[in-house]
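Overview (structure and organization)
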Amino acid sequence: MSHQGKPTSELGLETLSDRLRNTLSYDEEDNGINGNKPDFRELDLGSPVSPLRTRAGGLTATTTTTATSSSSSSSGSVSGRSTAGIHLNPPRKSDSHSGELSSCSVESSPSAARNKPGHTLNASGGTHQLIYSGGGSVNSPAVNVLPTGNICRSGRILKTGMASRSTKTDVLGSGTGNYGHGSIMRGGPALKPSVTTESGPINYSRGLMVGGESPKRMGTCNNNDPEELKRIGNENYKKGNFAEALSFYSKAISISPGNAPYHFNRAAALMGLRRLAEAVQECEEAIRLDPGYVRAHHRLGSLLLSLGQVENAGKHLCYPGHRPDAVELHKLQAVEKHLNKCTDARRVGDWRNTLREVDAAIVSGADASPQLCACRAEALLKLHQLDDAFLALSNIPKFEPYTGSHSQVKIFGMLFEAYIFFVRAQIELARGRFENAFTAIEKAGKVDPRNVEISVMLNNVRLVVRARDRGNDLFKSERFTEACSVYGEGLRLDPFNSVLYCNRAACWFKLGQWQRSVDDCNQALCFQPNYIKALLRRAASNCKLERWDEAVRDYEFLRRELPNDNEVAESLFHAQVALKKSRGEEVYNMKFGGEVESVSGLEQFRAAISSPSASIVHFKAGSNLQCKRISPFLDTLCIRYPSINFLKVDVEESPAIACVENVSIVPTFKIYRKGSRVKEMVCPSPEVLESSVRHYSF
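Per an unreviewed UniProt entry, the protein goes by the name TPR repeat-containing thioredoxin TTL1 and belongs to Forsythia ovata.

Printed below as a string of structure tokens:
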């Protein structure tokens, strides 16, 4: 099967959005089925003189004819003279819908041919149609571009009711203009032929092809003509204006709701807007109106495959009596294989393989399935990656509740819609959002009340919420031992609940069992690594156990996460001081929350920088504007990093210090440790300054 001139083997796997964009041009030789574009075959492209009609026979004869008018002709008829080549096109099989572009056809009787303008009698007594095209291509303007009147035997155009108003004649052109033989020209030949209809003049461009730019109307569109609305919708679709195309298709449907191709085209516009559930409904409506509409079946199958509904997708992609699209069939088989493996892995609790297979199914073609995204989130949760699971849950494609037969589609034994609520309940519970978890699992139970897994989960959530509430009440009453027991009951029902672990750690801390408190905090942080309360309680418990290294590590992380928290800053300061003492370092004159100390004498300066902790010295000048701007920021750093000594030296008031330290530019910052300079920065930005301060504070 071909797709835009490429063999199927070159197409590979592509996303739904890619398939949409690839359908914006129409292949005139489309003998296959492409279900991802509006039915542009429905564009009824008639000649300027007469509409194209469907031929009953199997061959179409395309003849280029020169029509001339002669004033001296006794008969006054239009004579047809065959020129180079009659092109025979083989018959094509396609859905038969009103208005679709198909093989050209003519009347079967000679008399009918004589009465039809633009037709001539062939040698065998049959008829073939004259295609008025300068380039010889089988392409014509829209069907509604028809002159008012008839072609007279003299070759002139006589407009009904208009003969007495104008003596200017319109004749059929001989091919000298852009449009070629048969063009209607006012008053003789012209380079750019035009047709004037009741709605205004319509201009045609040279070599107009199906799928290219359609003729642009100078007048307003007829809002009561569904074919005209569909044509404008097709133009907008090809330009990627899906919202505008949807509007025109909807208007056409409101006028002619029983037209299957209108629903088919509306589905394409909805797919472009990623409103897939609505697109499914439109395809189903098109099939209801025309059960044999093959292209609608294939488009619906492609949609259902993207949504992960493998079984239903197969019914439409492999529509009886028609060869399925090779690329879509390959995707269907790949998704089905990975989904089966995913189901087996989930059943035995092999969450790593579950994650691997669900990712493979999504990549293989089910790239818009909310249920597979939910399965990915569930696997991440079970692998103790709560943050990633919550992110995956947040990125689930928006979906609308399924209706009709699709509402009974299942995944892992539960209904599609219920499974998403089921996964959401697990993740909300693990994050400590007990009320949200209960709401989600209740919704799952309403959608699929008979599912055993949902029923068990609903009962567990009720018991866990009850245990949390009772434990909190006991903690407030300072009955810490009982609270530990109640929290433990909740953890037996939900062993991945980081909040219950953290709450029990608080009880152990109050009871003076700091190691148990550390253990429960470790469990909570295993499921939720950035859990602030668990980090605070573990750091406090490690301080009680005099594990200063671990305490400082946690407080430093918290300091970065909570830069404006004064309690965390003070706790970090005391832990750092205790760590220095435990290592035998000299600690004196270290106070938390000190201000930037002003230094004016050389001896005072040397004593200040001899501290074992880092000292930051700001060399400034009172008259310098940059120094004035950065001084408030230095005060902020003094609060954020209490373990560092912050000093300031005015070089105008203390030139001796500036001379000894070789300071010639202000503002200059120097960092000292035990009397030795370790870093110097001249006119640094606030970001660079804080980065250096942070480095030496650790």
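The terminal C-alpha atoms of helix H18 (residues 514-527) lie 20 Å apart, and with 14 residues this matches the ideal 20 Å at 1.5 Å per residue to within 8%. Residues Ser517, Val518, Asp520, Cys521, Ala524, Leu525 and Phe527 constitute the buried set of H18.

Another aspect to go through is the UniProt feature "repeat: TPR" (unreviewed entry) in the protein. Look at the UniProt record and you will see "repeat: TPR" (unreviewed entry) annotated at residues 226-259 and 418-451. Taken end to end, residues 226-259 is 79% helix and 0% strand, and its two terminal C-alpha atoms sit 10 Å from one another.

This paragraph deals with unusual backbone geometry. Residues Val666 and Pro667 are joined by a peptide bond in cis, for which omega reads 0 degrees. Its identity is not glycine, yet His384 carries a phi of approximately 65 degrees, on the positive side. Its place among the elements puts His384 in the loop between helix H11 (370-382) and helix H12 (386-394). Backbone geometry at Asn662 places phi at a positive 55 degrees, although glycine is not the residue there. Tracing the backbone shows Asn662 in the loop between helix H24 (655-660) and strand E20 (668-673).

By the definition in use, this model includes nine aromatic pairs. Judged by centre distance (6.1 Å) and plane angle (45 degrees), the ring pair of Tyr501 and Phe527 falls under tilted. Separated by 26 residues along the polypeptide, Tyr501 in helix H17 (residues 498-510) and Phe527 in helix H18 bring together distant segments of the chain. The pair formed by Tyr501 and Phe527 is uniform in burial state, with each residue classed as buried. The residue whose ring lies beneath Arg431 is Phe390, and the NZ or CZ to ring-centre distance is 3.8 Å. Residue placement shows Arg516 over the ring face of Trp508; its charged tip is 4.6 Å from the ring centre.

Counted at 1.5 Å a residue, the expected span for helix H9 (residues 326-347) with its 22 residues is 32 Å, and the 32 Å between its end C-alpha atoms agrees. Every buried residue of H9 is accounted for by Val327, Glu328, Lys331, Leu332, Ala334, Val335, His338, Leu339, Cys342, Ala345 and Arg346. A side-chain oxygen of the first residue of H9 lies 2.8 Å from the backbone nitrogen of Val327; this N-cap is Asp325. Note on H9: the residue one or two positions beyond its end, Gly349, has a positive phi of about 80 degrees.

The rules behind the values
Residues numbered from 1 in each chain as written. Predicted model: local features only at pLDDT ≥ 70, side-chain atom pairs only at ≥ 80, totals over all residues. Heavy atoms only, no water. Helix = DSSP H or I, 4+ residues; strand = E, 2+ residues; numbered from the N terminus. Expected span 1.5 Å × (residues − 1). Buried < 20%, exposed > 50% of the residue type's maximum accessible area, 1.4 Å probe, protein only. UniProt positions renumbered as here; feature names shortened; annotations may be inferred. Phe/Tyr/Trp six-rings, centres within 6.5 Å; stacked < 30°, edge-to-face > 60°. Lys NZ or Arg CZ within 6 Å of the ring centre and 35° of its normal. Polar contact = N/O pair within 3.5 Å; in protein donor to acceptor, adjacent residues only side chain to side chain.

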